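Chain residues, written in single-letter form:
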Amino acid sequence: MSELETRIGRWFDHIAEMTPANLEARRDVELVITKLDDGQLRVAEIGDQGEVVVHEWVRQAILLLFRLHGLERSEAGPFEYLDKLQLKRDYERRGVRVVPGASARRGSFLSPGVILMPSYVNIGAWVGPDSMVDTWATVGSCAQIGANVHLAGGVGIGGVLEPANAVPVVIEDDAFIGSRCMIVEGARVGRGSILGAGTILNPSIPVIDAATGEEVSRGYVPDYCVAVSASRRREFAGGEFFLPCVLIIRRMSEGERHDKVALNALLREHGVAT
Ligand SMILES: CC(C)(COP(=O)(O)OP(=O)(O)OC[C@H]1O[C@@H](n2cnc3c(N)ncnc32)[C@H](O)[C@@H]1OP(=O)(O)O)[C@@H](O)C(=O)NCCC(=O)NCCS
C-alpha cells in the first residue's frame, strides 16, 4: 500500500467532516486526480485471471473531491456553468479528437486516438486507445472502456461511485455497443463482442445462448458474441409477462470482426475533420 493510499484512506474515514478548507486533504486528493487524468492510476482494471480488480481507495479520492471543492462558476461563450469539478484539457498533447459539444471531466482518462463526438465522459472513467464515443453516448463515472471500442450513438454506460465496492461497467477491447444500449451496474461486455442496438444489460439480466437455450450468465456477455435484446416468458401470480434478456445469436471466432459494424476508416482518421 502506498503512502498516498494510506493517507486517502485516513481522509475518507472523516469524509463527513471534510470541507474545502482542508488544504492537506485537497493536496492529496488532487494528486490522485492528476494521476487519474494522466492514466497513471485507474479505478479498476482486469486482473490476470480475467477478474475485475477495483482500487477502492482511488474511488474514495473521487468521492472526497466532491467534498473538498465548492461550486465554481465558469463560462464558455454564451453558456454558463456552476460545478465543483473541472473539465479535462490539453487534448492536442493527448492525441484525442474532441468534437464541439463533447465534454470530459478532469480525472477521466482518454487514451491517444480516442474520438469524442458530442458526448460525455465522467470522472474516473478510462477509455482505451482508438475508441470512439459517438454522439450522445455517456460514459459514467469509473466505467472502463477498452481499446478500439465503438460506443454508438446514445449509448448509456452507467457510472458507479457508490456504494463502496461496487464494480464498474467494463467494456473490453474491440467491442461494439449498438445505438441506445444501456449497460449499467457492473455489467460487462467481453472482447470483440457486439451488442445490437437497444440492448439493456445489468447484473440481473440473463444472457442466453440461442444455440442451446442455456443461461450463460447474468450481466456478462462473453467474448466474441453477437447479442441482441430479446424477451423471456415469466410467470407471476398476476399472470404471464415477458421480461427482457440478452440473446446470443451468434458466436464469432476469436479476432473476427462483424462486417455490419465496421466503422468507416475515414471517421476514425485522426487528422481528418468529419
Ligand atoms: C446486432 C446486429 C449487428 C446484428 O446484425 P446481423 O448479425 O447481421 O444479424 P441480422 O440482422 O441477421 O439479425 C439476426 C436476428 O436478430 C434480430 N435483431 C437484429 N438486430 C436486433 C436488435 N438490435 N435487437 C433485437 N433483435 C435484433 C433480427 O431481427 C434477426 O432476427 P431473425 O433471425 O428472426 O430475422 C445489428 O442488427 C445491430 O443492431 N447493429 C447495430 C446498429 C447500430 O447501432 N449502429 C450504430 C450507428 S451509430
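These figures come from a predicted structure and were not determined experimentally. (Residues numbered from 1 in each chain as written. Predicted model: local features only at pLDDT ≥ 70, side-chain atom pairs only at ≥ 80, totals over all residues. Heavy atoms only, no water.)

## Overview of unusual backbone geometry
Glycine aside, a negative phi is what most residues show, and trans is what most peptide bonds show.
At step 1: Non-glycine residue Arg-180 carries a positive phi angle of around 60°.
At step 2: Looking at the secondary structure, you find Arg-180 in the loop between strand S17 (176–177) and strand S18 (182–183).
At step 3: According to the relative accessible area criterion, Arg-180 is exposed, its value standing at 53%.
At step 4: A positive phi angle, near 50°, is found at Tyr-224, a position not held by glycine.
At step 5: Structurally, Tyr-224 is set in the loop between strand S24 (220–221) and strand S25 (225–236). (Helix = DSSP H or I, 4+ residues; strand = E, 2+ residues; numbered from the N terminus. Buried < 20%, exposed > 50% of the residue type's maximum accessible area, 1.4 Å probe, protein only.)

## Remarks on the domain arrangement of the chain
At step 1: Splitting the chain by domain gives domain 1 (3–73) and domain 2 (88–253).
At step 2: Between domain 1 and domain 2 lies a buried interface of about 1900 Å² when both sides are counted; carbon and sulfur atoms form 57% of it.
At step 3: Together, Asp-37, Arg-42 and Arg-59 form the three largest contributors to the area buried by domain 1 at its contact with domain 2, with a combined 32%.
At step 4: Joining domain 1 to domain 2, the criterion identifies four salt bridges.
At step 5: The residue Asp-37 makes a salt bridge to Arg-94 at a minimum N-O spacing of 2.7 Å.
At step 6: On the surface where domain 1 and domain 2 come into contact, there are nine residue pairs in polar contact (both at pLDDT 80 or more).
At step 7: Of all elements in the fold, only helix H2 (23–37), strand S1 (44–46), strand S2 (52–54) and helix H3 (56–68) reach the threshold of two or more residues within the side of domain 1 that touches domain 2.
At step 8: If one sorts the elements of the side of domain 1 that touches domain 2 by residue count, H3 sits on top with six residues. (Domains from an automatic or database assignment. Buried area = accessible area lost by both parts, 1.4 Å probe. Salt bridge = Lys/Arg side-chain N within 4 Å of Asp/Glu carboxyl O. Polar contact = N/O pair within 3.5 Å; in protein donor to acceptor, adjacent residues only side chain to side chain.)

## Here's the deal with the site of the ligand
At step 1: Near the ligand, the surroundings consist of 14 residues, among which Ser-179, Gly-196, Ala-197, His-258 and Lys-260 are the closest.
At step 2: In the model, an oxygen atom of the ligand is placed 2.8 Å from a nitrogen or oxygen of the His-258 side chain.
At step 3: Considering the ligand on its own, with 920 Å² of exposed area, one finds that the protein chains cover 49% of that surface.
At step 4: Here the residues of the shell around the ligand sort into six nonpolar, six polar and two charged. (Near = heavy atom within 4 Å. Areas by Shrake-Rupley, 256 points an atom, 1.4 Å probe, with all protein chains shown as cover. Nonpolar A, V, L, I, M, F, W, Y, C, P; charged D, E, K, R; others polar.)

## Quick notes on the sheet that holds S18
Each strand in a sheet pairs with another by means of backbone hydrogen bonds, the pair being arranged parallel or else antiparallel.
At step 1: Overall, parallel pairing links the six strands, which are arranged S6-S9-S12-S15-S18-S21 in an open sheet. Of all strands in the sheet, those with a lone pairing partner are strand S6 (103–104) and strand S21 (200–201), marking the two edges.
At step 2: Bridge count between S6 and strand S9 (residues 120–121): two bridges; the pairing is parallel. Looking at S9, one finds that Ala-104 is bridged to Val-121. (Pairing = 2+ DSSP bridges.)

## Here we look at the environment of Thr-212
At step 1: Tracing the backbone shows Thr-212 in the loop between strand S22 (206–209) and strand S23 (215–218).
At step 2: Counting along the chain gives 36 residues from Thr-212 to Ile-248, while the straight-line C-alpha distance between them is 9.9 Å.
At step 3: Looking at Thr-212, its side chain comes within polar contact range of the main-chain nitrogen of Glu-214, at 3.1 Å.

## Observations regarding the pairing of strand S26 (residues 239–251)
At step 1: Across three bridges, S22 lies against S26 in parallel orientation. In the strand pairing of S26, Val-207 is matched with Val-246.
At step 2: Sheet topology places S25 next to S26; 12 bridges connect them, and they run antiparallel. When the sheet's bridge partners are listed, Arg-232 is paired in S26 with Leu-243.

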